[in-house]
Amino acid sequence: MFQRSYGTGCFMLYNTGKKPIFSKHGLLTTVAWQLGPKKEPVYALEGSVAVGGSGVKWLRDNLGIIKSASEINDLAAQVEDTAGCHFVPAFSGLFAPYWRSDARGVIVGISHHTNKNHLARAVLESVCFQSGEILHAMNSDTGMTLTGLRVDGGMTQSDLLLQIQADILGIQVERPDNVETTARGAAFAAGIAVGIWEESTVPSQRSTVFQPQVNKAKAEERMKRWKKAVERTFDWLEEEE
């Protein structure tokens, strides 16, 4: 099981235990936690994505397609797919696993059939596809096949987003009742470190689970098309720019 926070940007962490793993696939090695000055640190692999919720903000503030962030779900739910449209939000380059500062955002695969509903869904899917690429990097670095994703952050209030995420990853996605789990966890970790609580006394949370509803072959084909779209963002800026 690994964890991802969906906010303005998105950050995915995989607990690697007390021994750090140094990525060969575009991820970062970080300290996950240390519950006291004399405790051993626990390490994690991290994959960061620059544009998550800020892509929805761009759709609202720059294009005026939606009036509120939640409206994106209503539009996206009116179509079954993006009709071949992909949105790659490389507004200031790409973070993990590419690390391409020369990349810039693209919308590809549009046709006369494309409308605002397809674009809204493509914005949501872009967040999920980027998670898929980080998942693949984590599997490659650890030699393991991860089977579940725990999520938190404001964007996870969208059932549609999390169902798309489960479909693209091909694994279950688990959302806690309290979607601000990162802040909650940091508070409990600080309390444990100074002796206010014991780990065994931290209460668990109820959660909602989203299971994949598409077959593996279809998910892999969708990811292949996404990677083709990502390649269109490369080499957009020249060195002197």
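Residues numbered from 1 in each chain as written. Predicted model: local features only at pLDDT ≥ 70, side-chain atom pairs only at ≥ 80, totals over all residues. Heavy atoms only, no water.

### Details of the pattern of salt bridges
Evaluation of the coordinates by the stated rule reveals ten salt bridges. When the shortest N-O distance is used, the salt bridge between R222 and E125 registers 2.9 Å. Remark: E125 occurs in helix α3 (residues 116–142) and R222 occurs in helix α6 (residues 216–231); sequence separation between them is 97 residues. Its salt-bridge partner being R150, residue E174 comes within 4.0 Å of it at the nearest N-O pair. A residue pair is termed long-range when its members are at least 10 positions apart, and E174 in strand β8 (residues 172–176) and R150 in strand β7 (residues 148–152) qualify at 24 residues. Overall, E174 belongs to the buried group, its relative accessible area being 18%. Salt bridges sharing partners connect three or more residues here, namely K57, R60 and D61. (Salt bridge = Lys/Arg side-chain N within 4 Å of Asp/Glu carboxyl O. Helix = DSSP H or I, 4+ residues; strand = E, 2+ residues; numbered from the N terminus. Buried < 20%, exposed > 50% of the residue type's maximum accessible area, 1.4 Å probe, protein only.)

### A short note on α6
In this model, α6 (16 residues) spans 23 Å end to end at C-alpha, consistent with the 22 Å of a helix rising 1.5 Å per residue. Every buried residue of α6 is listed here: A219, M223, W226, A229 and V230. An end-on view of α6 places all buried positions within 110° of arc, on one side of the element. Residues A217 and K224 are exposed on α6 and point more than 90 degrees away from its buried face. Residues of α6 that are buried in the fold lie against β5 (86–88), β6 (106–108), α3 and α4 (159–169). With a side-chain oxygen positioned 3.2 Å from the backbone nitrogen of A217, the residue opening α6 is N215. (Expected span 1.5 Å × (residues − 1). Arc of directions from axis to C-beta. Contact = heavy atoms within 4.5 Å. Polar contact = N/O pair within 3.5 Å; in protein donor to acceptor, adjacent residues only side chain to side chain.)

### Here's the deal with the sheet that holds strand β4 (residues 42–49)
The sheet built from seven strands is open, its strands ordered β3-β4-β2-β1-β7-β8-β9 with mixed pairing. This sheet does not close on itself; its edge strands, each paired only once, are β3 (28–33) and β9 (207–210). Neighbouring strand axes in the sheet, compared pairwise and without regard to direction, differ in orientation by 30° on average. With three bridges connecting them, β7 and β8 associate as parallel partners. Considered in β8, the bridge of G148 is made with Q172. (Pairing = 2+ DSSP bridges. Axes fitted to C-alpha atoms, helices over the stretch in contact; angles between N-to-C directions.)

### A look at the packing of aromatic side chains
Overall, the coordinates contain six aromatic pairs when judged by the stated rule. Ring plane angle 20° and centroid distance 5.5 Å describe the contact between F95 and W99, whose orientation is recorded as stacked. Among the residues examined, F95 registers a relative accessible area of 35% and is labelled partly exposed. Judged by its relative accessible area of 40%, W99 falls in the partly exposed class. A centroid spacing of 5.2 Å and a plane angle of 10° characterise the contact between F129 and W226, whose relative ring orientation is stacked. Here F129 is found in helix α3, whereas its partner W226 is found in helix α6, with 97 residues between them in sequence. Owing to a relative accessible area of 1%, F129 belongs among the buried residues under this scheme. Taking relative accessible area as the criterion, W226 reaches 1% and is therefore assigned buried. Linked through ring pairs, W58, F87 and F91 together constitute an aromatic cluster. (Phe/Tyr/Trp six-rings, centres within 6.5 Å; stacked < 30°, edge-to-face > 60°.)

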